[in-house]
Amino acid sequence: MNVTSNTTFRIGFIGLGIMGQSMAGHLLAAGHSLALYNRSREKAQALVDKGAQWCATPAQVAAQSDIVITMVGYPSDVEQVWLGSEGIIANARDALLIDMTTSSPELAVRLAAEAKKGGHQALDAPVSGGDVGAREARLSIMVGGDAAAYQAALPVLRLLGTNVVHVGAAGAGQHTKMSNQIVIASTIMGVCEGLAYARAAGLDETVLLQAIGGGAAGSFQLNVMGPRIVKGDFAPGFFIEHFLKDLGIALAEAERMKLALPGASLAQRLYTELSERGLSRQGTQALFQHYLAGA
């Protein structure tokens, strides 16, 4: 695939959730033609109104696209969309296939191998930055796969993120995302505990965030999620149920590598408790409710 920064592509995008809608929108706004599929069609309507084409199946998306991007929920969703007679591998035509779902490193390696058999290139390119990063095209994108395929994808990926890094062979993108989620798990616990302490001490939590957000405690979790927590805004930028999925993958990989991760294990337990309370569709910052409950 001969690519320059001015090349326009026929791009297929599958999965229009909280992040996927914004990501697909950036590609359309940049002048690429866009074919869409999502399980619920209504989520695609705003993009269709702007000129994107609706497709009834992932196979239809793949058949007409130079590049196919998937941003779905779970590894099982990735398998369903990519594999089988109706999957994108079987129906694409000499395409570059990019999975931006946070998924299993093992599955990423398998998909790359299956794509190669079908005459395609494949990348695993999970992202970090949540709904804000997706809306503002400021995602961090961690790319695993062949270096030539990465270079071909780079002009498109730069429309979605400001930090796009090739981290290694197939599966390395997903391993990098697991590291990212492990860091977030302990960081968001620290933010919630710091704010819980401040509230118990009678501090003005907004002033607290101003005081510590520019110092060593500063982070996305503190500076972006902290104000949401203070406002009692637990709307999802990233669902608890998806974070639990990610932690499950990370801890399974850690166990396979005989690595103990006590912080991630504690986060998994706390988020599981919130999920069992019916909060799985709230954002990860809803962990603060664990401390409000006095648990």
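What counts, and at which threshold
Residues numbered from 1 in each chain as written. Predicted model: local features only at pLDDT ≥ 70, side-chain atom pairs only at ≥ 80, totals over all residues. Heavy atoms only, no water. Buried < 20%, exposed > 50% of the residue type's maximum accessible area, 1.4 Å probe, protein only. Helix = DSSP H or I, 4+ residues; strand = E, 2+ residues; numbered from the N terminus. 1 Å grid on protein atoms, 1.4 Å probe; cavity = no way out; pocket = protein on both sides within 12 Å on 5 of 7 lines; lining within 4 Å. Points joined across faces, edges and corners; volume = space filled by probe spheres on them. Nonpolar A, V, L, I, M, F, W, Y, C, P; charged D, E, K, R; others polar. Axes fitted to C-alpha atoms, helices over the stretch in contact; angles between N-to-C directions. Parallel < 35°, antiparallel > 145°, perpendicular 65-115°, else oblique. Left-handed = near helix turned anticlockwise from the far one by under 90°. Contact = heavy atoms within 4.5 Å.

Break down unusual backbone geometry for me, citing the residues and quoting the values.
The phi dihedral of Asp 94 falls on the positive side, at around 50°, and the residue is not glycine. The exposed category is assigned to Asp 94, whose relative accessible area is 63%. In the Ramachandran plot, Ala 137 falls in the positive-phi region, its phi being about 55° despite a non-glycine side chain. As for its position among the elements, Ala 137 is in the loop between helix H7 (130-135) and strand S8 (139-145).

Outline empty space enclosed by the protein, supporting the account with residue identities and numerical values.
Under the definition given, this model contains one cavity of 30 Å³ or more. The calculated volume of the largest cavity comes to roughly 80 Å³. Around the largest cavity sit Trp 82, Asp 99, Ser 103, Leu 107, Ala 108, Leu 111, Ala 112, Ala 122, Leu 123, Asp 124, Ala 170 and Gln 174, which together line it. Taken together, the elements giving at least two residues each to the lining of the largest cavity come down to helix H6 (105-117) and strand S6 (121-124). When the residues that make up the lining of the largest cavity are grouped by side-chain class, the tally is eight nonpolar, two polar and two charged.

Please provide a residue-by-residue account of the packing of helix H9 (residues 172-200) against helix H10 (residues 205-212), values included.
Two elements in contact, H9 and H10, have axes whose closest approach is 10 Å; the angle formed by their N-to-C orientations is 130°. Viewed along their axes, H9 and H10 adopt a mutual orientation that is oblique. In the packing of H9 onto H10, the handedness of the crossing is right-handed. Counting all contacts with H9, which are made through Gly 194, Leu 195, Ala 198 and Arg 199, the residues of H10 involved are Glu 205, Leu 208 and Leu 209. When its residues are assigned to classes, the contact of H9 with H10 shows four nonpolar, one polar and two charged.

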